Amino acid sequence: MLKINNKYLKFILLLFILILILITNFFDNFRNIYNNNFDKRIDSIYGFCGNESIGYLKYLNKKYKLNNNPQIINYKHTPNVSWAIIDPKKIKLPSNEIILLNYPGKNISLNHTREANNKFYINNLHFYSDKINKIDRIILSFKSNFNNNDMTLDLYSGVGFEEKTLLKTLNHFYKISKNEYQIDVNLNVNKISLRDSRISFKINNLKNREIQKIVIKAKNKFDVSNYEIIDNYEKCFLIRKK
Amino acid sequence: MSELLKIILIFPLFLIFIYVPFPIFNKANSERKLSFLTYNLIINCNIFLFFSLLPMPIKEYQNIFIFLYILIFVYTAFLYKINLIKKNYTDLFVFFLSFFILACVIANNLNLGWDAKFFYYIKSLFFYEGLHVGDLVNFENNKWHPHLGSYLWAFFWKIPLLDIEYFGRLFYLFIFTFSIYFVCIKINKSSFFCYILYFLILIIFFQYERFSGLQEILIFSFLIISSKILYNLNIKSKFFDIIIILSIANIMMWIKSEGIIYSAIIIVILLFNKNIQLKEKIYTVLSFIVLFFLKVLIFKYYNFEVDAQPYNLEYIKFISLNEFLYKIYLITIYLGYYSLKNIIFVLGVLLLLVLNFTNRNKISLINYNLFFILNIGFIFSAYLFRDLDILNASIEYSLRTTLERIVFTSSSFYLYLILIFINNNFNFLRNNGKINK
């Protein structure tokens, strides 16, 4: 029978230390810390102007004397980013500056998921509550020319297993191109309570036609041309109320 | 100064907080007393808690505090005639080596966790910027969790000359590695065997995400420590051990909301210890109640919300049978899934089950049986009676985003059981000549 003595134990110990070094990428970590300072490493992790854009926020904080804690609007769905530049001493003071990250332009297309051919829901409407006032319109695209005046749209609060509540039924679809129909929804998102932030809708009387694409449009609350632009880098802005 | 050098320098500073205030050296052989290292850590965390409650910025006392502790350490070494140069530092080197390897992961990664960005980092920034606990009332997300973890983060972030954000989180790493060091080192006469266990557990448990500013790792570490103290509690040292368990309960209460439950669980386990007399049990319960209400009073004093968690009696009273059964079904599924993903949790529970029927190792299982029952009870009731409408979330979302961390925290308590089992079997093999002595 195999006898284990201290030599074996020493060997196993060294092996375990080596495994720890390897699985933690110790040498890569060591080299990166040695070659890049803290700020550089932060930029490479969070991006400069893209996703969380922490690099841009830190850059603004260094370059400008920001007015209290500016409101930060990130059009990409990421964790809260205000932590990067928040000044706790001025936490409740109003600011006349706004930081826009990943700004998409005057109009926003809302992310949605297709449940079935004629059933859709808007993902996390709550995310858009500080970016839009209302859902303006929905555009349906079909593969080819299609004439249908009977289509209706049922708008619900709630999704999937949740109990759905019918908010309203709309029936005034109109044709905007050979294969596209549009409907004006004008749903004020600020009037929908937080717990109903999941919105779904169903399109009726499709006459067996498949919807190829759907676009849900909303007007951006922020039009940068109405503000004084203090700083701009690609899709990131620091703006001030005129 | 290079960041790598700073990481090396922060280690001895952290060590001060386990070497002081109680003398850790054994007069007879100048060896370090492992239990006293732990006592110091627990007492110091309580001292930090005390400071965190005062309307005093960190920088006003930080330097004096550290200087005083260094003085006490030097004085103790002098008093006990410890030759610091001739001492055997193998244990310490192993501890440092593991700390340094893992610290580099944190220093390189830097990404903060979701909850850290929402709660803990900003709270720690309050303390870092010289504000005090009363100012947290201005922070809208303050209500969800208490602040001790963030305060520790800020204290070690603000160390003069070092002053880097993640150094606060390195203290979490220090507590984590120390808690594992505490249960592994000296579990067996063979130091190599102890070191192997130590590194093996680090390999199993270490993940960067645990140190991304989330607080579970602190409760995890304190539960590991309490598991060993509760198991080894004997008549000789019981007074000190009871105080330490109460102190751990106090710390956990101030780290996270669910810390109160884990605090209550370790106190219940303490009450079932046969070495503790009735009078001592009564004092323990009274002390725990006092600590709990002290926290409530402090919350009220600073105008913090005491009942911010999503539980209300109305919801519990009117929960339908269908919803109740559906929730039980989902909790069971997700608990099973996350348990299977956590090797220590699944091993610990299986071992407990097996040992309950075939206890040949003579391991006392009462602590672990109690922990298992109370912990499972906690997990089910936490999700069953949670009014998710308040959080605007579904139960599935809630389970998906939080249960893994609860299973991880809970797994820590079983770790010592697994270690005792491995050690007993190692000793059995050794005594039977299969391993050379």
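Residues numbered from 1 in each chain as written. Chains lettered and ligands numbered in written order. Predicted model: local features only at pLDDT ≥ 70, side-chain atom pairs only at ≥ 80, totals over all residues. Heavy atoms only, no water.

Participant: Got a sec to walk through the domain arrangement of chain B? Specific residues and values, please.
Facilitator: Residues and elements named next belong to chain B. The domain architecture assigned to chain B consists of domain 1 (2-242) and domain 2 (310-437). A C-alpha centroid distance of 26 Å is found between domain 1 and domain 2. For the domain 1 and domain 2 pair, buried surface summed over both sides reaches about 2400 Å², with 71% attributable to carbon and sulfur atoms. The interface formed by domain 1 and domain 2 holds 3 salt bridges in total. Across the pair arginine 405 and glutamate 216 runs a salt bridge whose closest N-O atoms are separated by 3.3 Å. Our count for the contact surface shared by domain 1 and domain 2 stands at 12 residue pairs in polar contact (both at pLDDT 80 or more). When residues of the side of domain 1 that touches domain 2 are traced back to their parent elements, those giving at least two are α7 (166-184), α8 (191-205) and α9 (216-232). In terms of residue count, the dominant contributor to the side of domain 1 that touches domain 2 is α9 (12 residues). Class assignment of the residues belonging to the side of domain 1 that touches domain 2 gives a composition of 17 nonpolar, 5 polar and 5 charged. (Domains from an automatic or database assignment. Buried area = accessible area lost by both parts, 1.4 Å probe. Salt bridge = Lys/Arg side-chain N within 4 Å of Asp/Glu carboxyl O. Polar contact = N/O pair within 3.5 Å; in protein donor to acceptor, adjacent residues only side chain to side chain. Helix = DSSP H or I, 4+ residues; strand = E, 2+ residues; numbered from the N terminus. Nonpolar A, V, L, I, M, F, W, Y, C, P; charged D, E, K, R; others polar.)

Participant: Go over the side chain of histidine 147 of chain B with me, naming the residues and quoting the values.
Facilitator: All names here are of chain B. Note on placement: histidine 147 falls in the loop between α5 (114-128) and α6 (148-157). Of the polar contacts made by the side chain of histidine 147, one reaches the side chain of serine 52; its length is 2.8 Å. Non-local contacts of histidine 147, meaning those with residues more than four positions away in its chain, are made with Ser52, Leu53, Lys123, Phe127, Val133, Leu136 and Trp254. (Contact = heavy atoms within 4.5 Å.)

Participant: Talk me through the pairing of strand β14 (residues 236-241) of chain A; I want residue IDs and the actual numbers.
Facilitator: For a regular strand, side-chain orientation follows a simple rule: the groups alternate between the two sheet faces. Residue and element names in this part refer to chain A. Relative to β14, strand β2 (residues 97-101) runs antiparallel, the two being bridged by 4 bridges. Residue isoleucine 99 lies in a different strand from β14, and its bridge partner there is leucine 238. The sheet contact formed by strand β13 (residues 227-233) and β14 spans 6 bridges and is antiparallel. Counterpart to aspartate 231 in the pairing with β14 is leucine 238. Here β13 folds back onto β14 in antiparallel fashion, the turn holding 2 residues, of which glutamate 234 has a positive phi close to 50 degrees. (Pairing = 2+ DSSP bridges.)

Participant: Got a sec to walk through helix α3 (residues 38-46) of chain A? Specific residues and values, please.
Facilitator: Every buried residue of α3 of chain A is accounted for by Phe38, Arg41, Ile42 and Tyr46 of chain A. Buried residues of α3 of chain A fall within an arc of 110 degrees about the axis and therefore sit on the same side. Pointing more than 90 degrees away from the buried face of α3 of chain A are the exposed residues Lys40 and Ser44 of chain A. Structurally, α3 of chain A contributes buried residues whose contacts are with α2 (26-35) and α4 (54-63) of chain A together with α1 (3-19), α4 (90-109), α5 and α7 of chain B. Put simply, asparagine 37 of chain A is the residue that caps the front of α3 of chain A, since its side-chain oxygen is 3.2 Å from the backbone nitrogen of aspartate 39 of chain A. One or two steps after α3 of chain A, the chain reaches glycine 47 of chain A, where phi turns positive at roughly 85 degrees. (Buried < 20%, exposed > 50% of the residue type's maximum accessible area, 1.4 Å probe, protein only. Arc of directions from axis to C-beta.)

Participant: Just give me the short version of the nonpolar core, but keep the residues and values in it.
Facilitator: As a rule of thumb, soluble globular proteins bury nonpolar side chains together. Judged by nonpolar contacts, the single largest core of 201 residues is most densely connected at Phe155, Tyr166, Leu170, Leu173, Phe176, Phe222 and Leu403 of chain B. Formed jointly, this core draws a minimum of three residues from each of two domains, domain 1 (2-242) and domain 2 (310-437) of chain B. Core analysis: the second largest hydrophobic core is formed by 41 residues, Tyr103, Ile135, Leu170 and Leu187 of chain A among them. (Core = buried A, V, L, I, M, F, W, Y, C linked by side-chain atoms within 4.5 Å.)

Participant: Please provide a residue-by-residue account of the packing of aromatic side chains, values included.
Facilitator: Applying the stated criterion to the full structure yields 90 aromatic pairs over all chains. For the ring pair phenylalanine 120 of chain A and phenylalanine 201 of chain A, a centre distance of 5.6 Å and an interplane angle of 20 degrees mean the geometry is stacked. Within this pair, whereas phenylalanine 120 of chain A is found in strand β5 (residues 119-122), its partner phenylalanine 201 of chain A is found in strand β11 (residues 199-204), the two being separated by 81 residues in sequence. On the accessibility criterion, phenylalanine 120 of chain A (1% relative accessible area) is buried. Taking the relative accessible area as the measure of exposure, phenylalanine 201 of chain A reaches 2% and is therefore buried. Between phenylalanine 65 of chain B and phenylalanine 155 of chain B the ring centres are 6.3 Å apart and the planes differ by 85 degrees, which places this aromatic pair in the edge-to-face class. Of this pair, phenylalanine 65 of chain B sits in helix α3 (residues 62-79) while phenylalanine 155 of chain B sits in helix α6, placing them 90 residues apart in sequence. By relative accessible area, which is 7% here, phenylalanine 65 of chain B ends up buried. For phenylalanine 155 of chain B, a relative accessible area of 0% corresponds to the buried category. When the ring centre of phenylalanine 36 of chain B is taken as origin, the NZ or CZ atom of lysine 33 of chain B, which lies over that ring, is 4.3 Å away. Its guanidinium or amino end placed over the ring of tryptophan 254 of chain B, lysine 295 of chain B lies 5.8 Å from that ring's centre, counting from NZ or CZ. (Phe/Tyr/Trp six-rings, centres within 6.5 Å; stacked < 30°, edge-to-face > 60°. Lys NZ or Arg CZ within 6 Å of the ring centre and 35° of its normal.)

Participant: An account of the interface of chain A and chain B is needed here, citing residue identities and associated values.
Facilitator: Listed as interface residues are 45 residues of chain A and, on the opposing side, 49 residues of chain B. Overall, the association of chain A and chain B removes approximately 4400 Å² of surface from exposure, summing both partners, and the carbon and sulfur fraction of that is 72%. On inspection of chain A and its partner chain B, the count reaches 2 salt bridges. The tally of links from chain A across to chain B stands at 9 residue pairs in polar contact (both at pLDDT 80 or more). In terms of residue count, helix α1 (residues 6-23) of chain A provides more of the side of chain A that touches chain B than any other element does, 11 residues in total. In terms of residue class, the side of chain A that touches chain B is built from 27 nonpolar, 9 polar and 9 charged.

Participant: Can you tell me about the sheet that holds β13 of chain A, naming the residues and giving the values?
Facilitator: Residue and element names in this part refer to chain A. Spatially, 4 strands are ordered β1-β2-β14-β13 in an open sheet, and the strand pairing comes out mixed. Only two strands of the sheet have a single neighbouring strand rather than two, namely β1 (71-74) and β13. Pairwise comparison of adjacent strand axes, ignoring direction, gives a mean angle of 20 degrees for this sheet. Sheet contacts for α4: β1, β2, β13 and β14; angle to β13, the most-contacted strand, approximately 115 degrees. (Axes fitted to C-alpha atoms, helices over the stretch in contact; angles between N-to-C directions.)

Participant: Hey, could you go over the pairing of β11 of chain A for me, with residue numbers and the actual values?
Facilitator: Residues and elements named next belong to chain A. Within β11, 5 of the 6 residues are buried, leaving the element largely enclosed by the surrounding structure. Pairing of β5 with β11, which is carried by 4 bridges, proceeds in the antiparallel orientation. Across the sheet, tyrosine 121 pairs through a bridge with serine 200, a residue of β11. Alignment of strand β7 (residues 152-157) against β11, held across 6 bridges, turns out to be antiparallel. Note that in β11 the partner of aspartate 154 across the bridge is lysine 202.

Participant: Any details on the sheet that holds strand β9 (residues 174-177) of chain A? Residues and values, ideally.
Facilitator: All names here are of chain A. Strands sit in the order β3-β12-β6-β10-β9 across an open sheet of 5 strands; the sheet is antiparallel. Unpaired on one side and paired on the other, β3 (107-109) and β9 mark the two borders of the sheet. Each neighbouring strand pair of the sheet contributes to a mean axis angle of 35 degrees, computed without reference to strand direction. As judged from the 8 bridges shared by strand β6 (residues 132-142) and strand β12 (residues 211-220), these two strands associate in the antiparallel manner. Paired with arginine 137 across the two strands is lysine 217, which belongs to β12.

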